[in-house]
Amino acid sequence: MKKLIICIATLFLISGVKAQEIGPGSYKILKMDALNFMGLGIQKFHLGYEFSPIVESPKNLTTVQLDLSAPFNSMNFIDINGGVEAGIQLRFYKKWKREQNDAEGIYFGVGLDGGWTSFSEDEEYWLDGNSGVSRTYTHQYDRIRNGIYGTIGSQAKLGQKLYFDVQVGMGWSNVNVKQRPLEIASMVLNGQINTRILAACRDLDVPAVGISGVDAGFIKAHKRPPVVVEGEDQTVDYGYVGDIDDVEAEIVMKQLDGGIMPVISPLSADASGTLLNINADTVASALAVALGAEKLILATGAPGILENADDPRSLISYVDLAGLRRLREQGRLTTGMLPKAAAIEAAIRGGVPRVHVISHKLQDSLLLEV
């Protein structure tokens, strides 16, 4: 006959998987304990409901266990915000004695499980390299997981229908980690940097207003799709990075015609309102093209475009698109200069006659250039 059994189970799965860096992406992992994937070290409440739908044999007892668990703490640097996991497990018990019909003793099991966990990680951002002042922001992540596993364990009876369970196991698990969109970028770009520039403008008696690409549909964009790395079996997901579809230059023109200087942060949103981050040089280039500007000036920490990134004296005073492409192909452009090179090329091809790259570290560099 069938036997209904309710059990409270404590799950110990021995992890041999090296902790990996937290970050958005999809992963296929060997699961010793998928809840501890990437060093999360999650502890959880675990509740199981077990029953035996199959008539037992003289030597064996087969059961089905429905599992439900909820994370409540992390033994690591991760804060667990919530979540739920569920699964189903088929168990095969070896009977201790012929008349045993309870799910008690040693068992082998196979199961399917998965669920959702929300967690956060604090990261310290330094406002600049000199003041020693920093701010702490919180990255929010959602993790979706599903997997298959095998297990061996033992269950002991604590009451009429209450059991204590210990098991170890391993299997395969598919994990997808997604960062919640742009909490940090929105706070830093709109809340800090834009406001500081506006404060500096007020000190100089310059009438200015801060806007972002989200305001009034100023910059229309879409989420950049995942890209397969050439020559490698790997897909790069850029997360909430946007590519520009259109720039409503009229919004900026109205402010300029009114004697107001716009200070623009490079955030946008897609048609559904999802926030997207766009490289600031890319936004500046697209805006210069939309405005039909005579010049685009990009400010950077370097003296400008260098023939040799390690030699400030190798400053290139003039380069055309062919020369810029040659520098890129020869690997002479640093990581920070590559998006500027792309912005320069886009601006020139879009009709902007000249693009200047200046250093914000050089006093009066803007006046010297114009």
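Residues numbered from 1 in each chain as written. Predicted model: local features only at pLDDT ≥ 70, side-chain atom pairs only at ≥ 80, totals over all residues. Heavy atoms only, no water.

1. Quick look at the environment of Ile-219
Locating Ile-219 in the fold gives a position in strand S10 (residues 219-223). Classification of Ile-219 as buried rests on a relative accessible area of 3%. For Ile-219 and Ala-286, which are 67 residues apart along the polypeptide, the C-alpha to C-alpha distance reads 9.4 Å. Non-local contacts of Ile-219, meaning those with residues more than four positions away in its chain, are made with Gly-213, Ile-244, Asp-246, Ser-268, Ala-269, Ile-278 and Val-283. (Helix = DSSP H or I, 4+ residues; strand = E, 2+ residues; numbered from the N terminus. Buried < 20%, exposed > 50% of the residue type's maximum accessible area, 1.4 Å probe, protein only. Contact = heavy atoms within 4.5 Å.)

2. Topic: the packing of aromatic side chains
Inspection of the entire model under this criterion finds four aromatic pairs. For Arg-91, the ring lying beneath its charged end belongs to Tyr-107, and the centroid distance is 4.0 Å. (Phe/Tyr/Trp six-rings, centres within 6.5 Å; stacked < 30°, edge-to-face > 60°. Lys NZ or Arg CZ within 6 Å of the ring centre and 35° of its normal.)

3. Points about helix H2 (residues 249-257)
Among all positions in H2, only Ala-249, Val-252 and Gln-255 are buried. Seen end-on, H2 carries its buried residues on one side only, within an arc spanning 125°. Pointing more than 90 degrees away from the buried face of H2 are the exposed residues Lys-254 and Asp-257. A positive phi of about 80° marks Gly-259, the residue just after H2. (Arc of directions from axis to C-beta.)

4. Here we look at the nonpolar core
Within the largest apolar cluster, 13 residues are counted, with the highest numbers of intra-cluster contacts made by Leu-296, Ile-305, Leu-324, Leu-333, Ile-344 and Val-352. If you list the elements that add at least two residues to this core, you get strand S17 (295-300), helix H4 (321-329) and helix H5 (338-349). At three residues, the largest contribution of residues to this core is made by H5. In this view, Leu-324 contacts Ile-305, Val-319, Leu-333, Ala-341 and Ile-344; residues no more than four positions away in its chain are not counted. Core analysis: the next-biggest nonpolar cluster, separate from the first, contains ten residues, Phe-218, Ile-278, Val-283 and Leu-287 among them. (Core = buried A, V, L, I, M, F, W, Y, C linked by side-chain atoms within 4.5 Å.)

5. Things to note about H5
Side chains that are three or four residues apart share a direction in an α-helix, a result of its 3.6 residues per turn. Across its twelve residues, H5 extends 17 Å between first and last C-alpha, which sits within 8% of the 16 Å expected from 1.5 Å per residue. Every buried residue of H5 is accounted for by Lys-340, Ala-341, Ala-343, Ile-344 and Ala-347. One side of H5 carries all its buried residues, which in axial view fall inside an arc of 160°. Looking at the packing, one finds that the buried side of H5 touches helix H3 (280-291), S17, H4 and strand S18 (354-359). (Expected span 1.5 Å × (residues − 1).)

6. So, the packing of H4 against H5
Running from N to C, H4 and H5 point in directions that differ by 155°, and their axes come no closer than 11 Å. As the angle between them shows, H4 and H5 are arranged roughly antiparallel. The handedness of the crossing between H4 and H5 comes out as left-handed. Packed against H4, whose contacting residues are Leu-321, Leu-324, Arg-325 and Arg-328, the element H5 presents Leu-338, Ala-341, Ile-344, Glu-345, Ile-348 and Arg-349 at the interface. When its residues are assigned to classes, the contact of H4 with H5 shows six nonpolar, no polar and four charged. (Axes fitted to C-alpha atoms, helices over the stretch in contact; angles between N-to-C directions. Parallel < 35°, antiparallel > 145°, perpendicular 65-115°, else oblique. Left-handed = near helix turned anticlockwise from the far one by under 90°. Nonpolar A, V, L, I, M, F, W, Y, C, P; charged D, E, K, R; others polar.)

Coordinates in, geometry out; function isn't part of it.
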